[in-house]
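Next come the chains, spelled out residue by residue.
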Amino acid sequence: MKSTPPNQGKLVRSIGLTSAVVLIISSVIGTGVFKKVAPMSAALESPSLVLIAWLVAGLISLAGTLSNAEVASMLADSGGEFVYFRKIYNRFFAFLFGWTNFAVIRTASIASIAYVFSQSLNSVFPFPTTAPSLAEINFIGLHPLDNLSVKLVAIALIIFLTYFNYKGLKLGENLSRVLTALMITVMLLIVILALLSNYGSLENITTNSVRYNADEMSGATLFKALALACLSAFWGYEGWASVGFIGGEMKNPQRNLPLALIIGTLIIMALYMSMNFVYLYILPIDDFIQIYESKNGIAAVAVVSHFLGSWGGILISGLILVATFNCASTTILLASRLFYAMANDKMFFKSVDYIHPDYNTPSRALFIQAIWTSLLVLSGTFDQLTDMLIFAAFIFYGATAFGVFVLRKKMPEAHRPYKVIGYPIVPAIFVLFCVILIVNTLIEKPVEALSGLGLMATGLPFYYYWTKKK
């Protein structure tokens with residue numbers, strides 16, 4: 001990173017290993033573990049295949065984490081992959097990563113999480129409905145005023161959390177510690193109560209949907225269905241790499257960053273497998289398919305309400321509110337460091353290269369992030385945003401893992417505090433899976449995929465302007 005001008009504050013190394021693990025968990029566990037079992041059930045029609053999809057997504061994410069950890073141990077700094085890509089590839093590819101995070105990956109993630117928070121709050125305290133005349137207003141194929149009250153609450157949350165994180169890193173970190181501990185406690189409580197209840201049955205785990213056709217669900221059809229289900233599961237795991245954005249604020253990042261990535265991902269995998277086993281243990285898979293097709297419900301709420309009654313519905317709704325609030329706050333905190341790092345390297349808006357002298361936070365990066373994220377909330381639905389997000393994210397996840405091979409060749413004698421376990425098989429598997437997922441998304445969801453690529457391309461004129469100006 002370039003030196004900080006004397007009239008600014010500076011980023012302070014105050015994040016230890018425990019805090020880094022907490023930030024990973026809180027930046028990942030947001031909405032996917034509560035919602036995605038329904039679309040996955042509709043795609044696979046088999047509870048065992050749903051659990052396999054979650055496990056595969058977790059193992060693939062772990063392979064990516066292990067690969068990312070080697071690169072992070074060598075190149076840790078504020079900005080994460082933006083810094084790595086400058087070393088591994090070139091400034092242009094690093095810019096594409098940063099711009100795509102601004103255009104869709106991180107900002108769409110915040111928008112989606114805030115939207116689910118608002119939806120969950122609306123289910124407890126109903127908001128005013130939008131007048132049909134407003135909901136039907138069409139702007140370039142979008143309906144920005146549809147479900148307006150939910151969108152406005154989501155935007156209010158984004159503004160509040162942006163201001164909260166603007167006031168200091170420690171505030172955001174301490175909030176994450178408290179909310180993450182509460183969230184994990186409630187999740188484990190739900191798992192225990194479900195397994196002890198009289199409502200569940202192992203028969204639900206072994207019984208396929210009435211629609212399931214073993215002859216049809218095989219070969220290429222099975223592969224496509226699993227790939228589509230994994231795309232949903234990956235939304236649940238999305239965000240594990242973003243802790244690298246605060247590498248410049250971490251104590252001993254060469255040691256603590258790779259350790260945090262691995263420990264955090266393993267904890268998340270264990271929680272996800274436990275929660276999804278409980279969902280499918282309590283309710284038959286056809287119930288989840290019905291929830292998906294009705295487009296009017298959250299799978300986790302239906303499950304917990306079923307075996308704990310009305311107070312269970314309140315419990316799970318509270319858990320979703322805590323998880324989404326926590327995840328939105330942490331993602332806002334982490335992503336702003338990336339946009340500051342870009343501006344510091346003269347590849348983003350010049351004014352964003354600023355650290356607040358009193359709070360030592362990238363205040364202008366936080367504010368520009370909030371503005372664009374709020375516009376994304378108005379632009380589309382949760383699923384549209386997340387499908388665009390996952391497709392774009394895995395282009396860069398794969399590039400980071402491939403960077404392990406590049407750095408082994410370019411810098412064979414460099415000190416590596418951590419070396420990826422199972423090299424070269426583990427990073428190769430992750431790179432191959434990223435390629436398969438990207439190609440499959442282009443084929444199966446071309447609109448979302450091309451939208452993601454289009455948003456990436458919007459950065460080209462900015463790159464030309466900023467690099468020429470430099």
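- As recorded in an unreviewed UniProt entry, the protein chain goes by the name Amino acid permease, listed as coming from Arcicella lustrica.
- Entered under Subcellular location (unreviewed entry) in the UniProt record, the comment concerning the protein chain runs "Membrane".

What to know about the overall build of the protein chain
- Of regular secondary structure, the protein chain possesses 19 helices and 0 strands.
- With the principal axes as the frame, the protein chain shows a C-alpha extent of 65 × 55 × 40 Å.
- Per-residue burial over the protein chain gives 59% buried out of 470 residues.
- A separation of at least 24 residues holds for 83% of the contacts in the protein chain among residues at least 6 apart in sequence.
- About 18,500 Å² of surface is accessible on the protein chain, with carbon and sulfur atoms providing 66% of the total.
- Placing the 31 positive and 23 negative side-chain charges of the protein chain at their respective mean positions leaves the two points 17 Å apart.

Description of empty space enclosed by the protein
- The full count for this structure, using the stated rule, is 2 cavities of 30 Å³ or more.
- Space inside the largest cavity adds up to approximately 80 Å³.
- In terms of lining residues, the largest cavity is bounded by 15 residues, among which S27, V28, I113, E238 and C327 are the most central.
- Looking at the lining of the largest cavity, the elements that each hand over two or more residues are α1 (17–28), α6 (91–124), α11 (219–237) and α14 (299–344).
- A total of 3 residues in the lining of the largest cavity trace back to one element, the largest contributor, which is α6.
- Broken down by class, the residue content of the lining of the largest cavity amounts to 4 nonpolar, 9 polar and 2 charged.
- With 4 residues, the single largest contributor to the lining of the second largest cavity is α6.
- Here the residues of the lining of the second largest cavity sort into 7 nonpolar, 2 polar and 2 charged.

Remarks on unusual backbone geometry
- Cis rather than trans, the peptide bond between Y423 and P424 has omega equal to 0°.
- Relative to the elements of secondary structure, P424 occurs in the loop between α16 (382–410) and α17 (425–444).
- A positive phi is found at E45, a non-glycine position, where the angle reads about 60°.
- Residue position: E45 is located in the loop between α3 (37–44) and α4 (47–75).
- With phi around 45°, N252 is a residue other than glycine that occupies positive phi space.
- As for its position among the elements, N252 is in the loop between α11 and α12 (253–282).
- According to the relative accessible area criterion, N252 is partly exposed, its value standing at 44%.

What to know about the pattern of salt bridges
- Considering all chains together, one arrives at 9 salt bridges under this definition.
- When salt bridges that share partners are traced, they join E70, R408 and R416 into one network.

Focus: the side chain of S46
- Here S46 lies in the loop between α3 and α4.
- Within the local environment of S46, its side chain forms a polar contact with the side chain of S48, the two groups lying 3.0 Å apart.

Focus on the packing of aromatic side chains
- Under the counting rule described, the total for this entry stands at 42 aromatic pairs.
- Centre to centre, the rings of F348 and F349 are 5.0 Å apart; their planes meet at 65°, and the pair counts as edge-to-face.
- Classification of F348 by relative accessible area gives buried; the value is 2%.
- By relative accessible area, F349 is classed as partly exposed at 28%.
- Summarising the aromatic geometry, the rings of F462 and W466 are spaced 5.3 Å apart at their centres and angled 35° between planes, so their arrangement reads as tilted. Of the two residues, F462 and W466 both sit in helix α19 (residues 460–469), 4 residues apart, roughly one turn of that helix.
- By relative accessible area, which is 8% here, W466 ends up buried.
- Here a set of aromatic residues connected by ring pairs shows up, and it is made of F92, F95, W99, F102, F339, F348, F349, W372, F462, Y463 and W466.

As for α4
- Between its terminal C-alpha atoms α4 stretches 41 Å, which fits the 42 Å expected from 29 residues at 1.5 Å a residue.
- With respect to burial, α4 is a largely interior element, 24 of its 29 residues being buried.

Considerations on the state of the cysteines
- Going through the model one piece at a time under the given rule, you end up with 0 disulfides.
- C230 carries a free sulfur, and the closest cysteine sulfur to it, the one in C434, is 12 Å from it.
- For C230, a relative accessible area of 4% gives the class buried.

About the cut-offs
Residues numbered from 1 in each chain as written. Predicted model: local features only at pLDDT ≥ 70, side-chain atom pairs only at ≥ 80, totals over all residues. Heavy atoms only, no water. UniProt positions renumbered as here; feature names shortened; annotations may be inferred. Helix = DSSP H or I, 4+ residues; strand = E, 2+ residues; numbered from the N terminus. Buried < 20%, exposed > 50% of the residue type's maximum accessible area, 1.4 Å probe, protein only. Contact = heavy atoms within 4.5 Å. Areas by Shrake-Rupley, 256 points an atom, 1.4 Å probe, with all protein chains shown as cover. Lys, Arg positive; Asp, Glu negative; His and termini not counted. Charge placed at Lys NZ, Arg CZ, Asp CG, Glu CD. 1 Å grid on protein atoms, 1.4 Å probe; cavity = no way out; pocket = protein on both sides within 12 Å on 5 of 7 lines; lining within 4 Å. Points joined across faces, edges and corners; volume = space filled by probe spheres on them. Nonpolar A, V, L, I, M, F, W, Y, C, P; charged D, E, K, R; others polar. Salt bridge = Lys/Arg side-chain N within 4 Å of Asp/Glu carboxyl O. Polar contact = N/O pair within 3.5 Å; in protein donor to acceptor, adjacent residues only side chain to side chain. Phe/Tyr/Trp six-rings, centres within 6.5 Å; stacked < 30°, edge-to-face > 60°. Expected span 1.5 Å × (residues − 1). Disulfide = S-S within 2.5 Å.

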